[in-house]
Amino acid sequence: MLRSHTCGQLRSQDIGKSVTLCGWVENNRDHGGSVFIDLRDRYGLTQIVIGPPEAESSLIDAAGRVSSESVILVRGKVAPRLVGKVNEKLQTGEIEVRCEHMEVLNPCPTPPFTPSQPELPGEDLRLKYRFLDLRRPAMLQAMELRSKIIKIMRDYFAHHDFIDVETPILGRSTPEGARDYLVPSRVHGGKFYALPQSPQLYKQILMVAGFDRYVQVAKCFRDEDLRADRQPEFTQLDMEMSFVDQDDVIGMIDGLVQRTVKEVKGMELPLPLPRMTYQEAMSRFGTDAPDLRFAMEIVDISQIAAEVDFRVFRDAVDKGGFVRGLNVKGKASDFSRRRIDELTDYVKQNFAAKGLAWFRVEQDGALWSPTSKNFTDVELREIGQAMQAEPGDLVMFLADSWEVTCKGLAGLRKRLGAELNLYSEDAMSYSWVTQFPMFEFDAEENRWIAMHHPFTAPLAEDLEKLKSDPGSCRAQAYDLVINGSEAGGGTIRIHDGQTQQQVFELLGIDQQTARDRFGFLLDALKYGAPPHGGIALGIDRWVMLFAGLENIREVIAFPKTQKASDLMTEAPGEVDAKQLRELHLRAF
RNA sequence: GGCGCGGUAGCUCAAUUGGUUAGAGCCCCGGACUGUCGAUCCGGAGGUUGCGGGUUCGAGACCCGUCCGCGUCGCCA
């Protein structure tokens, strides 16, 4: 080891010791007679003093010229700081190292930015020079938290007898689901591997193999457009269990959430975590991932709306739609017409809503808005009552299809929750959403598609509806929701070939295609498949949420941009014509 | 693919209604200084305003196109 201690290690009890430290020059304060260098490494910051009597003037000169972010080695004695010169901000602030010898291990030219500069550089620069960005304490802390959370997960599952099994990265493309990243085969001209969207099929096979409890920290790949909380390449904690039902899997994860909250936040989380059905989540919050850090639930006033003269409301209900709204408690005075217009544009542009109806609740409790003349006093009173409106409230409504009211109100609720600070910054909420629909109807393709994946088992009581009424068939599927984010999702799987065949049929996957693509799974299900189910947790999102961050790139060492490129390595890049030829490919 | 925001010195930002030589702080360079810790003081350097075209007497600003970054909708079993 070049060093005897780290830069975060020395304390007053070390005074008098001869030490050798290595690190990066964070700052260099040259006073002519003596020089102060803040030496930084992963563990902290130690002040080095280069001055008489230990240091000769040539050393002092040299120290004054060392540039920021150079890597240096210093030898010297630990000394107490002068009276009144203790730096309370540093853990090593009671001491300093009086330098007797210094070596510049690697000088650094002026970097595009320094880790300690007060203004955060633009994200493109941070990504291009990620090695500088990762020196920032905030990035280091995020990566340390990530490491800690993964360790908690591994320990937890190891403790519960799970076997960690690695599954292939080069697999085969499956129909349905996200767009695959493809890898051309050199040996098999014109054929392709696909990178896994998840290890779904392999883990089911492991259950058939009798492994009983499987776990893996698995890299997954989906070639879809990015978001603040979505990367094309991400990491799941993937697990699967045999001879279990939904409650067993949820219970296992409940325990993990509790343990993580305890170790990361130091808080006791009471179990079980709250659960609600998909239907309930959509009614109350308009989304399958409700943020429970604040209330402001959706209220359905369709029954009242059906009777009013106001055509916007009545027509919506007549056409089979809904009138649903939110009560923004006590915030009417915060909302100018201009700000309400902004919200109106927001729901129109993003969720195809036709408009936003709103009322202020006056001091006498009456509802007022430019459109209130279209309502009778009785109707307004009924609406106010339904919304539990009190003076000072602002109530707003969407009159539209179920889907539009859900999406629009969920969007409004999310936006207003953040803008109005309806929850404290460190608040966390954890809950389960269960009983997702098995299928969604894809109007464009005019067919049913699996809401989760085609191996999801229906609720036992809905089994008979598979054929008769697929739209109302519910799945044994469950999502873990943290702060309004999907933090994990799983299902109990189909474990008999016959049901699997039925589901494939409904999805328009004919026997030939099913054999072709999933033959191995159908075989496996035939040769003694135990009932099984599991879940996958989004590790990146867990870390993001537990760190209180709003961007997934902040918890990934080398993330990709919105266009899925890596600004540091400049991937994706071009390849030689020879490589293409070997792969039987031509670039357009 | 749609909508929106942004791109000006190495970095973070400013630049009035389209109007003089595009400014500031930090960084950097030179000098001074025996205790700083966002050191201080003096002096200095530093610009293809992302790129291409257009409008105009005149464009950092306006128009068209394009590239890049971010947010969001679609998409994400």
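Structure report, in brief. Note that the coordinates shown come from a computational prediction; the quantities given were computed from them, not determined experimentally. (Residues numbered from 1 in each chain as written. Chains lettered and ligands numbered in written order. Predicted model: local features only at pLDDT ≥ 70, side-chain atom pairs only at ≥ 80, totals over all residues. Heavy atoms only, no water.)

**Observations regarding the sheet that holds strand β11 (residues 275–277)**
Stage number 1. In spatial order, the strands read β6-β9-β10-β22-β21-β20-β17-β11; together these eight strands make up an open sheet with mixed pairing. The two strands at the open ends of the sheet, each matched to only one other strand, are β6 (163–164) and β11.
Stage number 2. Alignment of β11 against strand β17 (residues 430–434), held across three bridges, turns out to be parallel. By the bridge assignment for β17, Arg275 is matched with Trp432.
Stage number 3. Across the sheet, helix α4 (residues 137–159) is in contact with β6, β9 (213–221), β10 (233–242) and β22 (532–538); its angle to β10 comes to roughly 15°.
Stage number 4. Its contacts with the sheet put helix α6 (residues 246–265) on β9, β10, β11, β17, β20 (477–482), β21 (485–492) and β22, and the angle it makes with β17 is roughly 165°. (Pairing = 2+ DSSP bridges. Helix = DSSP H or I, 4+ residues; strand = E, 2+ residues; numbered from the N terminus. Contact = heavy atoms within 4.5 Å. Axes fitted to C-alpha atoms, helices over the stretch in contact; angles between N-to-C directions.)

**What to know about the pairing of β17**
Stage number 1. Burial analysis of β17 places five of its five residues in the buried class, which makes it a mostly covered element.
Stage number 2. Going residue by residue along β17, you find Tyr430, Trp432 and Thr434 tucked away on one face and Ser431 and Val433 tucked away on the opposite face as well.
Stage number 3. Sheet topology places β17 next to β20; five bridges connect them, and they run antiparallel. Note that in β20 the partner of Val433 across the bridge is Asp479. (Buried < 20%, exposed > 50% of the residue type's maximum accessible area, 1.4 Å probe, protein only.)

**Here we look at helix α9 (residues 311–318)**
Stage number 1. Three or more residues of α9 are buried, namely Phe313, Ala316 and Val317. Along the axis of α9, the buried residues cluster in a sector spanning 95°; they form a single face. Away from its buried face, by an angle of more than 90 degrees, α9 presents the exposed residues Arg311 and Asp318.
Stage number 2. Residues of α9 that are buried sit in contact with α8 (302–305), β13 (322–328), β14 (357–361), α11 (377–386) and β16 (394–400).
Stage number 3. Just downstream of α9, Gly320 is the residue with a positive phi angle, here 90°. (Arc of directions from axis to C-beta.)

**Concerning the side chain of Gln501**
Stage number 1. One can find Gln501 in helix α14 (residues 497–506).
Stage number 2. Given the relative accessible area of 17%, Gln501 is considered buried.
Stage number 3. In this structure Gln501 touches Gln511, Ala514 and Leu522, once residues within four positions along its chain are discounted.

**Notes on the packing of α4 against helix α16 (residues 539–547)**
Stage number 1. Put simply, α4 and α16 touch, their axes get as near as 10 Å, and they point 120° apart. Between α4 and α16, the crossing angle belongs to the class labelled oblique. As for how α4 packs across α16, the hand of that crossing is right-handed. The residues of α16 that touch α4, namely those facing Ala142, Leu145, Arg146, Ile149, Ile150 and Met153, are Ile539, Asp540, Trp542, Val543, Phe546 and Ala547.
Stage number 2. Partitioning the contact of α4 with α16 into residue classes produces 10 nonpolar, no polar and two charged. (Parallel < 35°, antiparallel > 145°, perpendicular 65-115°, else oblique. Left-handed = near helix turned anticlockwise from the far one by under 90°. Nonpolar A, V, L, I, M, F, W, Y, C, P; charged D, E, K, R; others polar.)

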